[in-house]
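What follows is the residue order along each chain.
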Amino acid sequence: MVNPLSADLEHVLEHTRELWGELRGERIFITGGTGFFGCWLLESLIWVNDRLNLDCRATVLTRSPDLFRKKAPHLAEHQTISLLRGDVRSFDFPPGRYSHIIHAATESSAKLNAENPILMLETIVEGTRHTLDFAKTCRTENFLLTSSGAVYGRQPAEMIHIPEEYNGAPDPMDPKSAYGQGKRMAEHLCALHADSHLNPKIARCFAFVGPYLPLDIHFAIGNFMRDALNGGAIIVKGDGTPHRSYLYAADLVIWLWTVLLHGEACRPYNVGSSKSISISELAEQVADQFPAQIPIEIHGTPDPGIPAERYVPNTQRAENELGLREMVSLKVAIQKMKQWHQAYGAIPKRGRSIR
């Protein structure tokens, strides 16, 4: 069977070919390997492994191997992949040495962050601590933490792009800041564990688009795609003025593998697109991908006295130091996401969403 992501995976290989020698014959360990980031990491690893004959093996931590086998059997059953059942906070350490660890567990769940912020914070912090302890035990040299732009707190209105040097932080008195505070602590734990044997790399991830992105949680672009695939209207719960930016998933994994294999230890890199777009403009771009006219309903009213909220990274560090760049336009990214969900994804009905 032809992989529906073959063109994207060839794109990844084309722009990472020189990276992979470090993984030849090695074993890597991945947490969060069954989510959006994880599926793309596994898709790209398997594709490259098969074509470059790397003989690399990956152990993937998951709470439910059976559910993952149903979700992505071609990944779960590939000879490159072994599944390990466990919770990121308490999994039993598998035997043997792993040369690289990617800690991508703890998705940015707005629902969990709102309903049980203590569990959100605990999962991020204890999961990172436990995975770092495992890295020490199995003599890992390179460790990648997928952190978040949430570590910066609210982006100042006058700051068009937020750089890694900005020392802002989430409000510690706001329970909704549990996710951002947890990611800050996870980064600090990486710094505390860093030594001559362990090199933690930090990817501060922003917003993304592409196949495997869930359509029924709090991601605006996923909600808009769900609404349009169900025949519209696209619902914008807010006033449409916040600005976001979106990096396509194939570009995302190029950035993540590059940070892991070429990034500097304990030097965070923003990962995302620097091309901002308002939420209302994003809804229009999604609607434009459909032949029938899709109406857009914006439920909020902008307040001219309040500056638009922004969540847009400055990516010059990754561009200048690692040679990374955004290659797939947002228009093409939305087209690819639409085509994949129409052909292969289960399309949820409209429900409650946060934007």
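Chains are numbered independently. Their residues run from 1 in the order of the written sequence. Where totals are concerned, whole chains, interfaces and linings use all residues; where local detail is concerned, this predicted model gives features only for residues with pLDDT of at least 70, and gives and counts side-chain atom pairs only at 80 or more. Side-chain figures throughout are based on the complete set of non-hydrogen atoms in the structure, without hydrogens or water.

J.: So, empty space enclosed by the protein: which residues are in play, and what are the values?
T.: Detection works on a 1 Å grid of protein atoms alone, calling trapped sets that fit a 1.4 Å probe cavities and calling open sets with protein on both sides within 12 Å along at least five of seven lines pockets, with lining residues defined by an atom within 4 Å of a point. Grid points are joined across faces, edges and corners, and a volume is the space filled by probe spheres set on the points. For the structure on display, the rule yields 1 cavity of 30 Å³ or more. Its boundaries defined by the atoms lining it, the largest cavity holds a volume of some 30 Å³. Taken together, His103, Ala105, Thr106, Thr123, Ile124, Gly127, Thr128, Leu145 and Lys183 form the lining of the largest cavity. Each helix corresponds to a stretch of at least 4 residues labelled H or I by DSSP, and each strand to a stretch of at least 2 residues labelled E; elements are numbered beginning at the N terminus. Looking at the lining of the largest cavity, the element that brings in the most residues is helix H6 (residues 117–137), giving 4 residues. Split into classes, the residues belonging to the lining of the largest cavity amount to 3 nonpolar, 5 polar and 1 charged. Gly is put with the polar residues, along with every residue not named as nonpolar or charged; the nonpolar set is Ala, Val, Leu, Ile, Met, Phe, Trp, Tyr, Cys and Pro, and the charged set is Asp, Glu, Lys and Arg.

J.: I'd love a proper account of the packing of helix H8 (residues 220–229) against helix H10 (residues 279–287), names of residues and values included.
T.: The contact between H8 and H10 brings their axes to 10 Å, and the two run at 40°. Relative to H10, the crossing made by H8 is right-handed. Contact with H8, carried on its side by Ala220, Ile221, Phe224, Met225 and Ala228, involves Ile279, Leu282, Ala283 and Val286 of H10 and no other residues of that element. Across the contact of H8 with H10, the residue classes break down as 9 nonpolar, no polar and no charged. An axis is simply a line fitted to the C-alpha atoms; with a helix, the fit covers only the stretch in contact. Between two such axes, the angle follows the N-to-C directions and lies from 0 to 180 degrees. Throughout, a crossing is termed right-handed when the near helix is turned clockwise from the far one, and left-handed when it is turned anticlockwise from it by less than a right angle. Contacts are residue-level and defined by heavy atoms, with any inter-residue pair within 4.5 Å sufficient.

J.: Pulling in residues and values, what's your account of the packing of aromatic side chains?
T.: Two rings from Phe, Tyr or Trp (for Trp, the six-membered ring) form a pair when their centres are within 6.5 Å of each other. A pair whose planes differ by under 30 degrees is stacked, one over 60 is edge-to-face, and the rest are tilted. This structure, assessed with the given rule, holds 15 aromatic pairs. Both rings, one in Phe93 and one in Phe134, keep their centres 5.1 Å apart while their planes meet at 45°; by these two values the pair is tilted. Residue Phe93 is located in the loop between strand S3 (81–85) and strand S4 (100–103), and its partner Phe134 is located in helix H6; the two are separated by 41 residues in the primary sequence. When its relative accessible area of 0% is taken as the criterion, Phe134 is described as buried. Here a set of aromatic residues connected by ring pairs shows up, and it is made of Phe29, Phe91, Phe93, Tyr98 and Phe134. Stacked on the ring of Tyr98, the Lys or Arg Arg27 has its end atom at 4.0 Å from the ring centre. The rule is simple: take the accessible area with a 1.4 Å probe, protein chains only, and divide by the maximum for that residue type; under 20% is buried, over 50% is exposed, in between is partly exposed. Here, a charge over a ring means that NZ of Lys or CZ of Arg falls within 6 Å of the ring centre while also lying within 35 degrees of the ring normal.

J.: Describe in detail the pairing of strand S2 (residues 57–62), supporting the description with residues and values.
T.: Of all 6 residues in S2, 5 are buried, a share of seventy percent or more. Handedness of a crossover: with both strands directed away from the viewer, a clockwise path from the first strand across the helix to the second marks it as right-handed. Handedness of the crossover is the feature at issue here: the chain leaves strand S1 (residues 27–31), passes through helix H2 (residues 36–52), returns alongside S2, and the resulting connection is right-handed. Strand pairing follows a simple DSSP-based rule, namely that at least 2 bridges must link the two strands. In this sheet, S3 lies alongside S2 in parallel orientation, the contact comprising 5 bridges. Residue pairing across strands places Thr59 opposite Ser82, the latter belonging to S3.

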